[in-house]
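Observations on the model geometry
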Amino acid sequence: MTERLFQPVTLGELRLANRIVMAPMTRNRAAPNGDPTDIMVKYYAERADAGLIVAEGSWPSAAGQAYCRQPGIATDAQVALWRRVTDAVHARGGLIVLQIMHGGRIGSRHIKPAGVGTVAPSTLRAAGEIYTDSAGMQPHDLPRARSTAEVRAVVEEHRQAALRARAAGFDGVELHGTSGYLPMQFLSTGTNLRSDEYGGAAPARARFAFECLAAMAQAIGPGRVGLRLNPGNSYNDIQDADSAASHAELMRQAAPLGLAYLHVMRAPTPGIDAFAMARDCFGERLILNDGFDSASAEQAIAAGQGAAVSFARHFIGNPDYVTRARQGLALARFDRKLLYTPGPAGYSDYPSL
Ligand SMILES: Cc1cc2nc3c(=O)[nH]c(=O)nc-3n(C[C@H](O)[C@H](O)[C@H](O)COP(=O)(O)O)c2cc1C
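What counts, and at which threshold
Residues numbered from 1 in each chain as written. Predicted model: local features only at pLDDT ≥ 70, side-chain atom pairs only at ≥ 80, totals over all residues. Heavy atoms only, no water. Salt bridge = Lys/Arg side-chain N within 4 Å of Asp/Glu carboxyl O. Helix = DSSP H or I, 4+ residues; strand = E, 2+ residues; numbered from the N terminus. Buried < 20%, exposed > 50% of the residue type's maximum accessible area, 1.4 Å probe, protein only. Near = heavy atom within 4 Å. Polar contact = N/O pair within 3.5 Å; in protein donor to acceptor, adjacent residues only side chain to side chain. Areas by Shrake-Rupley, 256 points an atom, 1.4 Å probe, with all protein chains shown as cover. Nonpolar A, V, L, I, M, F, W, Y, C, P; charged D, E, K, R; others polar. Pairing = 2+ DSSP bridges. Axes fitted to C-alpha atoms, helices over the stretch in contact; angles between N-to-C directions. Contact = heavy atoms within 4.5 Å. Phe/Tyr/Trp six-rings, centres within 6.5 Å; stacked < 30°, edge-to-face > 60°.

This part covers the pattern of salt bridges. Applying the stated criterion across every chain, the model contains 14 salt bridges. For the salt bridge of aspartate 237 with arginine 105, the shortest nitrogen-to-oxygen distance reads 3.6 Å. Taken together, the positions of aspartate 237 in the loop between strand S11 (225–229) and helix H7 (243–254) and arginine 105 in the loop between strand S5 (96–100) and strand S6 (119–120) put the pair 132 residues apart, joining distant regions of the chain. Relative accessible area serves as the criterion here: at 25%, aspartate 237 is assigned to the partly exposed category.

Written out as structure tokens, the structure reads:
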């Protein structure tokens, strides 16, 4: 019934023992300064029998921090502390990449270190509020638009983050290109009003994400770099006059880089077939996501829709999700109230069977 899901597959330089990927999940268990913690070591090690873990969105520079207690990959200390996570996962035979996430205009000065500003393609504040430990709910900051030279410096930060991730023992990196964070802010017409080479028509709006990918691929090898996209996603106040066309352009630019994979989420918008778009550009090198269970994942792989399927919520309450899926065992629920709270409760204390 689920035989394909448990077959190995190779994506670039990544050799997955099975096709169950743990999707990235921000869980806010790092220290306030972004240093990975002991409970993160336990949490990831317990999930190491996934064919691949995509560790949570982590900032390449302090300006990129979106959320409280979100980890960074920006300092030597963070490299050393992440190394404990990757060593623990590797000791259990696992494979782990780090998602690189620059929040751009999503964020608050109450979260970042003093003096670190919020930056974006254009001076447009995101609607909505963000939770801060020090001041409760706050509006997103009004971001400062980056100059052209500063945009190039952010690309360089992504290159450095990839190098640091490898130094921390990660098997690769994934660029977070969804959910209204910086790459999507550049890509989408509603958040990018620039008139330099990073704004205007779709090829120019896709340039920032493309340059980040190219820099990361040049630094650590394209076979260790993935990209995550979700055409049509409007999360975090994203508007795009033609999200499908923007994403098709980025996929078209990224495909020749020879990346390990495209991690593609189903489009929430009717009329966009994200999996078909992805297959056109990336062929078989796809990790599919959103709302799968083991039976539908098996079907999707059998139908040739992708090489692997990622699961997020199933892994929260089930550290042994792979075993449970293989044996058809019941899944544990999780406590929503404890998704983003500090400490082990509702995070690293869900038992394996
Ligand atoms: C608590 C939580 C945190 C998440 N954080 C991230 C993240 O850091 N990066 C990301 O790309 N997606 C993030 N997501 C989205 C998931 O990776 C995934 O796409 C989504 O939950 C749908 O997959 P599922 O149906 O298997 O849960 C998060 C989802 C949840 C539930």
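Taken together, 16 residues form the shell around the ligand, and within it Thr26, Arg228, Asn289, Gly291 and Arg313 come nearest. Between the ligand and glycine 57 there is a distance of 3.4 Å, counted from an oxygen atom to a backbone nitrogen or oxygen. Note that an oxygen atom of the ligand is positioned 2.7 Å from one of the side-chain N or O atoms of arginine 228. Contact with the protein chains covers 86% of the free accessible surface of the ligand, which is 610 Å². In terms of residue class, the shell around the ligand is made up of 7 nonpolar, 6 polar and 3 charged.

The next subject is the sheet that holds strand S10 (residues 172–176). Read once around its circumference, the closed barrel built from 8 strands follows the order S3-S4-S5-S10-S11-S12-S13-S14, with strand pairing classed as parallel. Going from strand to strand, the sheet's axes swing by 25° on average, the running direction of each strand aside. Here strand S13 (residues 286–289) runs beside strand S14 (residues 308–311); their pairing, made up of 3 bridges, is parallel. Paired with isoleucine 287 across the strands is alanine 308, a residue of S14. Set on the sheet, helix H1 (residues 38–45) makes contact with strand S3 (20–22), strand S4 (52–58) and S5; between it and S4 the angle comes to about 150°. Helix-sheet contacts for helix H2 (residues 76–91) involve S4 and S5, and the interaxial angle to S5 is about 145°.

Let us now look at the packing of aromatic side chains. Tallied over the entire structure, the rule returns 10 aromatic pairs. Measuring from ring centre to ring centre gives 6.5 Å for tyrosine 44 and tryptophan 82, while their planes differ by 50°; the resulting arrangement is tilted. Of the two residues, tyrosine 44 sits in helix H1 while tryptophan 82 sits in helix H2, which places them 38 residues apart along the sequence. Across the pair, exposure class does not vary: tyrosine 44 and tryptophan 82 are buried alike. The structure contains a cluster of three or more aromatic residues connected by ring pairs, namely Tyr43, Tyr44, Trp82, Phe170 and Tyr347.

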